Amino acid sequence: MVLEFRVELQGFSKDHKILGRTRMSFTFGFEIKEEDVEKGDSSSSCQSIPELTTTSGGALKECPPPPLPAREITVSFSEVPQPTATSGLTLEGGEVLSYITCPESKCLEGSTSESDLIPNVYEGGMKIWECSVDLVQYLREIAYPWTGKNVLELGCGAGLPGILALTKGAGKIHFQDYNEEVLQTVTIPNVSLNTGTGVYAARCKFFAGDWSGVQKLLTEEFKSTSDKYDVILTSETIYNTASYQKLHDLMKSVLAPNGTVYLAAKTHYFGVGGGTRLFEEFLRKEDVFSSEVCKVYSEGVNREILKIEMKKS
């Protein structure tokens, strides 16, 4: 059984006006075998994908493929092509971060909903999500002291928060996204756009794959506690409550004892189930981190910035 999905591609002008929409369908290069399809057993650990149709009686649930394995992506910045179409995010004080809007026709630029998120296949990294913009603007607003900090951006997508940290003097900045294609076609070109090559290249690493595998990969790199991250940045990564344990365990493993997590997300993700209140509730139950809301955005869909730190023993 081959899975087919339909998406709507949007073209944007530089001032973010929609130029037009095109509907198209595409298939992924994997098959779900009949023996892998759940046949009416609600106790199965296989979770259904909301975007897929089922029988009227609910007898069939499609199983997502296994999570992508984690790996580091090797980068040669001197070979990164310069994109022809870019946009800019203007920060407080007039500073501009440049980013790709549609990389060489490979972009799956979706709508403003969460319908382009496909579990274990594609996690939305080709888009500029509004909470990532919130996080960049907030970090610029508080003038966070980046000099010498070790920084990790989880679910980085375009990588704008991490790029801000890099340009402000972070000691090292590691970018992680679920999809390698996102890192290759969006994140890495955006880093190159804003920093060029040279000294910045040695301070950047890029990791693809599922958080559980990334956790193992990163902890194997640590020679001491001083190698852990002083700051973890992440935005729009808590829409799915099923991922909370992986995210929590990864943060617990790689954050320095006195480190800080800045998480930007919607208060509630309608139709998906996650949000900041549910994630804070999860953190309280785990009793490893404390959290506080340090910024609220009420225009449009309610959004927040959470500041998360290790509890003191």
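So, how was this worked out
- Along each chain, the written sequence defines residue order, and numbers are assigned to residues from 1.
- With pLDDT at 70 or above as the cut-off, local features in this predicted model cover only qualifying residues; side-chain atom pairs require 80 or more to be listed or tallied, and sums for whole chains, interfaces and linings still use all residues.
- Hydrogens and water are ignored here; the side-chain numbers use all heavy atoms of the structure.
- UniProt positions are given in the numbering used here, feature names are shortened, and annotations may be inferred rather than shown by experiment.
- Note on aromatic pairs: the rings of Phe, Tyr and Trp (six-membered ring only in Trp) are paired at centre separations within 6.5 Å, and the planes decide the class, stacked below 30 degrees, edge-to-face beyond 60, tilted for the rest.
- A run of DSSP states H or I qualifies as a helix once it reaches four residues; a run of E qualifies as a strand once it reaches two. Both are numbered from the N-terminal end.
- Only protein chains enter the calculation, and the probe is 1.4 Å; a residue is then buried if its accessible area is under 20% of its type maximum, exposed if over 50%, and partly exposed in between.
- Note on definitions: angles span 0 to 180 degrees between N-to-C directions of axes, and those axes are lines fitted to C-alpha atoms, for helices only across the stretch in contact.
- Note that the term roughly parallel is reserved for angles under 35 degrees, roughly antiparallel for angles over 145, roughly perpendicular for angles of 65 to 115, and oblique for everything else.
- If you view the pair so one helix is near and one far, a crossing is left-handed when the near helix is turned anticlockwise from the far one by less than a right angle, and right-handed when it is turned clockwise.
- Pairs of residues are marked as contacts when any of their non-hydrogen atoms sit within 4.5 Å.
- Ten residue types, Ala, Val, Leu, Ile, Met, Phe, Trp, Tyr, Cys and Pro, are classed as nonpolar, four, Asp, Glu, Lys and Arg, as charged, and the remainder, Gly among them, as polar.
- Salt bridges are defined by distance alone: a side-chain nitrogen of Lys or Arg within 4 Å of a carboxyl oxygen of Asp or Glu.
- By this definition, two strands are paired if DSSP reports at least two bridges between them.
- We call two N or O atoms a polar contact when they sit within 3.5 Å, provided that within protein one can donate a hydrogen and the other can accept it, with sequence-adjacent residues counted only if both atoms are side-chain atoms.
- Call a crossover right-handed when, viewed with both strands pointing away from you, the route from the first strand across the helix to the second goes clockwise.
- To form a nonpolar core, buried Ala, Val, Leu, Ile, Met, Phe, Trp, Tyr and Cys residues must be joined to one another through side-chain atoms within 4.5 Å.

Labelled according to an unreviewed UniProt entry, the protein chain appears under the name protein-histidine N-methyltransferase, originating from Branchiostoma floridae. Check the Sequence similarities (unreviewed entry) section of the UniProt entry for the protein chain; it says "Belongs to the methyltransferase superfamily. METTL18 family."

Novice: Could you clarify how one ought to interpret the packing of aromatic side chains in this entry?
Specialist: Here a ring pair, both rings aromatic, is described through the centre-centre distance and the interplanar angle of the planes. Inspection of the entire model under this criterion finds nine aromatic pairs. Taking 6.2 Å as the distance between ring centres and 55° as the angle between the ring planes, the aromatic pair formed by Tyr-138 and Tyr-262 counts as tilted. With a gap of 124 residues between them, Tyr-138 in helix α1 (residues 130-141) and Tyr-262 in strand β12 (residues 255-266) connect regions that are remote in the sequence. Tyr-262 matches Tyr-138 in its accessibility class, with the two residues each being buried. With a centroid separation of 4.5 Å and 55° between ring planes, the pair formed by Tyr-144 and Trp-146 is classed as tilted. Members of the aromatic cluster, connected to one another through ring pairs, are Tyr-138, Tyr-144, Trp-146 and Tyr-262.

Novice: Please explain the packing of helix α5 (residues 244-254) against helix α6 (residues 276-286) as it appears in this structure.
Specialist: Helix-helix packing is characterised by the crossing angle of the two axes and by the distance between the axes. One way to put it is that α5 packs onto α6 with a least axis distance of 11 Å and a crossing angle of 60°. It follows from the interaxial angle that α5 and α6 lie oblique. Between α5 and α6 lies a crossing whose hand is right-handed. Where α5 abuts α6, its residues Tyr-244, Gln-245, Leu-247, His-248 and Met-251 lie against Leu-278, Phe-279, Phe-282, Leu-283 and Glu-286. Residue classes in the contact of α5 with α6 are distributed as seven nonpolar, two polar and one charged.

Novice: What is the right way to look at the pattern of salt bridges in this model?
Specialist: Between side chains of opposite charge, a pair can form when the charged atoms approach closely. Taken as a whole and assessed by the stated rule, the structure comprises 16 salt bridges. A salt bridge links Arg-277 to Glu-304; the shortest N-O distance between them is 2.8 Å. Of this pair, Arg-277 sits in helix α6 while Glu-304 sits in strand β14 (residues 303-310), placing them 27 residues apart in sequence. A salt bridge links Asp-287 to Lys-311, with the nearest nitrogen and oxygen atoms 2.5 Å apart. In this pair, Asp-287 sits in the loop between α6 and β13 (289-297) while Lys-311 sits in the segment after β14, placing the two residues 24 residues apart along the sequence.

Novice: In this structure, what is going on with the sheet that holds strand β5 (residues 71-73)? I would like to understand it.
Specialist: Backbone-to-backbone hydrogen bonds pair the strands of a sheet. The strands run either parallel or antiparallel. Taken in spatial order, the eight strands line up as β5-β10-β9-β8-β11-β12-β14-β13 in an open sheet, and their pairing is mixed. Every interior strand has two partners, whereas the edge strands, β5 and β13, have only one. If you compare each strand with its neighbour and ignore which way they point, the axes differ by 20° on average. Relative to strand β11 (residues 229-235), strand β8 (residues 150-154) runs parallel, the two sharing four bridges. Along β11, the bridge assignment pairs Leu-152 with Ile-232. Strand contacts of α1: β11, β12, β13 and β14, with the helix running at about 130° to β12, the strand carrying the most contacts.

Novice: What is the right way to read the packing of helix α4 (residues 211-221) against α5 from this model?
Specialist: For the pair α4 and α5, interaxial distance at closest approach is 9 Å and the crossing angle is 10°. Looking at the two axes, α4 sits roughly parallel to α5. Across the interface between the two elements, Trp-211, Ser-212, Val-214, Gln-215, Leu-218 and Thr-219 of α4 pack against Lys-246, Leu-247, Asp-249, Leu-250, Ser-253 and Val-254 of α5.

Novice: Sorry, what's going on with the side chain of Thr-187 here?
Specialist: Note that Thr-187 resides in helix α3 (residues 180-195). On the basis of relative accessible area, Thr-187 is assigned to the buried category, the value being 0%. A distance of 2.5 Å separates a polar atom in the side chain of Thr-187 from the backbone oxygen of Gly-157. Setting aside residues up to four positions removed in sequence, Thr-187 forms contacts with Cys-156, Gly-157, Ala-158, Gly-159, Phe-175, Val-182 and Phe-206.

Novice: Would you mind going over the environment of Ser-78 with me for this structure?
Specialist: Along the chain, Ser-78 turns up in the loop between β5 and β6 (86-90). Taking the relative accessible area as the measure of exposure, Ser-78 reaches 64% and is therefore exposed. Each C-alpha atom, one on Ser-78 and one on Ser-192, is 8.9 Å from the other, the two residues being 114 residues apart in sequence.

Novice: In this structure, what is going on with the pairing of β8? I would like to understand it.
Specialist: Here is the key point about a regular strand: its side chains alternate between the two faces of the sheet. Across the five residues that make up β8, a large majority, five, are buried. Burial of β8 is two-sided: the residues Asn-150, Leu-152 and Leu-154 facing one way and the residues Val-151 and Glu-153 facing the other way are all buried. You can see the chain leave β8, run along helix α2 (residues 160-167) and come back into strand β9 (residues 172-177), and the turn it takes is right-handed.

Novice: Teacher, can you tell me more about the nonpolar core here?
Specialist: Buried together is how nonpolar side chains tend to be arranged in soluble globular proteins. Core analysis: the biggest nonpolar cluster contains 38 residues, and Phe-206 and Tyr-262 have the highest contact counts within it. Mapped onto this core, the elements with two or more residues apiece are β7 (96-100), α1, α2, β9, α3, β10 (204-208), β11 and β12. Setting aside chain neighbours within four positions, we find Phe-206 in contact with Arg-71, Glu-72, Ile-73, Val-75, Phe-77, Phe-175, Leu-183, Thr-187, Ile-188 and Val-191. Membership of the second largest hydrophobic core comes to 29 residues, among which are Tyr-229, Tyr-239, Leu-255 and Val-261.

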